Amino acid sequence: MNGKITALDLAAGELSEPTKAYFAKCEEKLGLVPNVLKAYAFDDKKLRAFTDMYNDLMLGESGLSKLEREMIAVAVSSINHCYYCLTAHGAAVRQLSGDPLLGEMMVMNFRAADLSPKQTAMLDFAVKLTEEPARIVEADRAALRQAGFSDRDIWDIASTAAFFNMSNRVAAAIDMRPNDEYHAMAR
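Colleague: Would you mind going over the layout of surface pockets with me for this structure?
Modeller: Unfilled space is identified by rolling a water-sized probe across the atoms. Empty space within the largest pocket amounts to approximately 840 Å³. Surrounding the largest pocket, 29 residues form its lining, Leu30, Pro34, Tyr54, Leu59 and Glu70 being those nearest its centre. Elements that contribute at least two residues to the lining of the largest pocket include exactly helix H1 (17–30), helix H2 (35–40), helix H3 (44–59), helix H4 (66–80), helix H5 (83–97) and helix H9 (151–174). Along the lines of polarity and charge, the residues of the lining of the largest pocket split into 20 nonpolar, five polar and four charged. Roughly 210 Å³ of volume is contained in the second largest pocket. As for the second largest pocket, its lining consists of 13 residues, of which Thr6, Leu10, Ala39, Tyr40 and Phe42 are closest to the centre. Broken down by secondary-structure element, the contributors of at least two residues to the lining of the second largest pocket are H2 and H9. A total of three residues in the lining of the second largest pocket trace back to one element, the largest contributor, which is H2. The residue makeup of the lining of the second largest pocket, split by class, is nine nonpolar, one polar and three charged.

Spelled out as C-alpha cells, the structure:
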C-alpha cells in the first residue's frame, strides 16, 4: 500500500478545533495519532461519532476494567481476523496487563490464556455474539450473571463486542493498516 493507511483515496477534511486538540492529546499520551483516527479524518462528524463511542465504551464508567474491555476487543477481532485491531488492541492488552504473553495468547486464541472463570465467561459471550448473534438466549445472560456480572456489565460487554464487530468490518473493507509503532509496544 506504499505507506497508505487505507486502500481508499479519501483526502483529509477540515478538522474542528476539538478534533485537533484530540489528535494532540493522542500524540502526547500515545506518541502517535492512531491510523484509525486518520482514516476517519476525511469527515470530522464521522470521526467525532467514532471517537465519542469508542471513548465512552473503552474509557468511560463501567464495571468492566479497561483491560477486560481491551480483552473483548481482541477476542472479537481474533474471530474476525482484523489485522488493525489485533495489532493495536493486542498492544493495549500487553500494556495494561504487563504481560506480553497474555497479549499474544489473546490475539491467537484467548482460550490458551490463564484467565479467570469470569473473564472466560465474558469472552465466550463476546465470541458467541460475534459468531452467532441470533443464538444469544437468556441462558447466555444468566451465565454472565452467575459469573458475577451485573446487567449493566452485560450491556457493556455486548456494546463493546458490537462496536469492535463494526470497527473490524470497516477496517477489513478499507484495508486499514495499524501504526508501525504498535508492533513493538509493551514487549
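There's more to say after this.
Colleague: Is there a simple way to explain the nonpolar core in this structure?
Modeller: Inside soluble globular proteins, nonpolar side chains tend to come together where they are buried. Membership of the largest hydrophobic core comes to 54 residues, with the highest contact counts inside it found for Leu37, Ile72, Tyr84, Met106 and Leu123. Of all elements in the fold, only H1, H2, H3, H4, H5, helix H6 (100–109), helix H7 (117–131) and H9 reach the threshold of two or more residues within this core. For this core, the element with the most residues is H9, which contributes seven residues. Excluding its chain neighbours within four sequence positions, the residues that come into contact with Leu123 are Met71, Ile72, Ala75, Met106, Phe110 and Leu115.

Colleague: Honestly, unusual backbone geometry in this entry has me stumped. Any pointers?
Modeller: When glycine is set aside, most residues are seen to have a negative phi, and most peptide bonds are trans. In the Ramachandran plot, His81 falls in the positive-phi region, its phi being about 55° despite a non-glycine side chain. As for its position among the elements, His81 is in the loop between H4 and H5. We classify His81 as exposed; its relative accessible area is 66%. Residues other than glycine seldom take positive phi values, yet Ala186 does so here, at roughly 55°. With respect to the element layout, Ala186 can be found in the segment after H9.

Definitions and cut-offs
- Residues numbered from 1 in each chain as written.
- Predicted model: local features only at pLDDT ≥ 70, side-chain atom pairs only at ≥ 80, totals over all residues.
- Heavy atoms only, no water.
- 1 Å grid on protein atoms, 1.4 Å probe; cavity = no way out; pocket = protein on both sides within 12 Å on 5 of 7 lines; lining within 4 Å.
- Points joined across faces, edges and corners; volume = space filled by probe spheres on them.
- Helix = DSSP H or I, 4+ residues; strand = E, 2+ residues; numbered from the N terminus.
- Nonpolar A, V, L, I, M, F, W, Y, C, P; charged D, E, K, R; others polar.
- Core = buried A, V, L, I, M, F, W, Y, C linked by side-chain atoms within 4.5 Å.
- Buried < 20%, exposed > 50% of the residue type's maximum accessible area, 1.4 Å probe, protein only.
- Contact = heavy atoms within 4.5 Å.

These values are about where atoms sit, not about what they do.
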